[in-house]
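The chain contents come next:
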Amino acid sequence: MRRALTAVTLLILTACSTGPSLENRGQVTAPPGDSHHLTIGSAGFTESDLLAQMYAQLLDQAGYKTSILTVANRELYEPALESGQIDVVPEYAATFADWLNARTHGADAHPVGSPDLGATMKALRALATPRGLTVLPPGRAVDQNAFAVSAAYARQHDLKTLGDLGAAKLKVRIAAGDECVQRPYCEPGLKKVYGIDVTGVDPKGVGTTQAKRAVQEGRDQMVLTTTTDATLDSFGLVLLADDRHLQNADYVVPVVNRSRAGSERVAKALGELNDVLTTQDLAALGRQVDSWRRLPAEVARTYLKDKGLLSP
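Report on the accompanying structure. Just so we're clear, the structure is a prediction, and the values are computed from it rather than from any experiment. (Residues numbered from 1 in each chain as written. Predicted model: local features only at pLDDT ≥ 70, side-chain atom pairs only at ≥ 80, totals over all residues. Heavy atoms only, no water.)

## Remarks on the sheet that holds strand β6 (residues 145-150)
Note the cut-off: Two strands are counted as paired when DSSP detects at least two bridges linking them. Strands are runs of DSSP state E lasting at least two residues, helices are runs of H or I lasting at least four, and both sets are numbered from the N terminus onward. Every axis corresponds to a line fitted to the C-alpha atoms, with the helix fit spanning only the stretch in contact, and the corresponding angles, defined between N-to-C directions, vary from 0 to 180 degrees.
Ordered by their spatial adjacency, 5 strands build an open sheet running β8-β7-β9-β6-β10, and the pairing between neighbours is mixed. In this open sheet, the two edge strands, each paired with only one partner strand, are β8 (197-203) and β10 (237-240). Strand-to-strand twist in this sheet, taken as the mean axis angle between neighbours without regard to direction, amounts to 40°. As defined by bridge partners, strand β7 (residues 171-176) adjoins β8 across 6 bridges and the pair is classed as parallel. Among the inter-strand pairings, V172 is bridged to a residue of β8, identified as V198.

This is the structure we're talking about:
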């Protein structure tokens, strides 16, 4: 059974360590390490737990001993990744690029994440490498902000994309977080990129039950959620495609500590997931955990076996 460390342990460890010292950062150019025991980090929400479990099980099969450490705060787990207290984490390309950019150049730094996956990955790797981190190739799964409407509303107005909604010239109130008013991917972007007539933001949160019910019941016309939201069907909602690429390229990417987990063997083991795991798969797996109350480890194991990535 895997040893599960606690967030309290990490707090104690990081109290004295905020990442590699300047002399250790010179090791970035040294040969990648291949430690026998690897600690996989999870950010504590369902999707991150599932990805961490899949990473751990694939690495177990490749001959490593693994443990999983759950830390919900990126401000804690990223320095732990740099220092080698965590060896592998599932991340999101654009979000992590912008986070590292702000940490490197200040909170007011111009964002480097974008809808362009190639440009985002280039920027992310440029920021990660000096910190002793290696960003492995992204797979097919992406967890982006997304917008959903009721299936009846979509049928009534023949909507499949956000572009369709803009062209329909409908007045739309969005159920979202209150930051939607200012965030470029939300109200301003919908107006500028799609020409959608946003009449207001109903501050019910991102993808919350209350927000979805407001759209289901017709009090709002659209809800801000994510591409891996597994509960839309139960509310009678459907996603509208981001056909003009307003949202950033938040593809799932494994990030590893180079000196401990930068080997080709680690990259090969984790890379096996890239060809099979899709955005739809992530949503379906999340539904099994959140709605069916199955354990992430069990759901991950069943999925990997079904895809032929784990031995029976």
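## Let's talk about helix α8 (residues 187-194)
Our working definition: Remark: exposure states derive from per-residue accessible area (1.4 Å probe, protein chains only) relative to the maximum for the residue type, with buried under 20%, exposed over 50%, and partly exposed in between. The arc refers to the directions leading from the helix axis to the C-beta atoms. Contacts are assigned to residue pairs with any non-hydrogen atoms lying within 4.5 Å of each other.
Listed as buried for α8 are E187, G189, L190 and Y194. The arc enclosing the buried residues of α8, seen along the axis, measures out at 165°, which places them on a common side. On its buried side, α8 packs onto β6, α7 (162-168), β7, β8 and β9 (222-226).

## A look at the packing of aromatic side chains
The criterion, for reference: The rule is short: rings of Phe, Tyr and Trp, with Trp giving its six-membered ring, pair when the centres are within 6.5 Å, and they are stacked under 30 degrees, edge-to-face over 60, tilted in between. By definition here, charges over rings are those cases where NZ of Lys or CZ of Arg is within 6 Å of the ring centre and within 35 degrees of the ring normal.
What the rule picks out here adds up to 1 aromatic pair. With centroids separated by 6.4 Å and ring planes inclined at 10°, the aromatic side chains of F96 and W99 adopt a geometry described as stacked. With F96 and W99 both in helix α4 (residues 93-105) and 3 residues apart, the pair spans about one turn of that helix. Comparing F96 with W99 shows no difference in burial state: the two are buried. When the ring centre of Y64 is taken as origin, the NZ or CZ atom of R265, which lies over that ring, is 4.0 Å away.

## Comments concerning the pairing of strand β3 (residues 65-70)
Sheet faces and side chains relate simply in a regular strand, where the side chains alternate between the two faces. Heads up, the condition is: The crossover handedness rule: strands pointing away from the viewer, path from first strand over the helix to second strand clockwise, crossover right-handed.
Inspection of the sheet shows strand β2 (residues 37-42) paired to β3 by 6 bridges, in the parallel sense. Within the sheet, the bridge partner assigned to T39 lies in β3 and is S67. This β-α-β element, β2 to helix α2 (residues 46-61) to β3, shows right-handed connectivity.

## Points about the pattern of salt bridges
As a reminder, the rule being used: Each reported salt bridge corresponds to a side-chain nitrogen of Lys or Arg within 4 Å of a carboxyl oxygen of Asp or Glu.
Scanning all chains against the criterion turns up 15 salt bridges. Two residues, K212 and D229, come together in a salt bridge whose shortest N-O distance is 2.8 Å. Of the two residues, K212 is situated in helix α9 (residues 209-216) and D229 in the loop between β9 and β10; the sequence distance between them amounts to 17 residues. For K212, a relative accessible area of 4% translates into the label buried. You can call D229 buried: its relative accessible area is 15%. Bridged by salt links that share partners, the residues E78, E82, R103 and R131 form one connected network.

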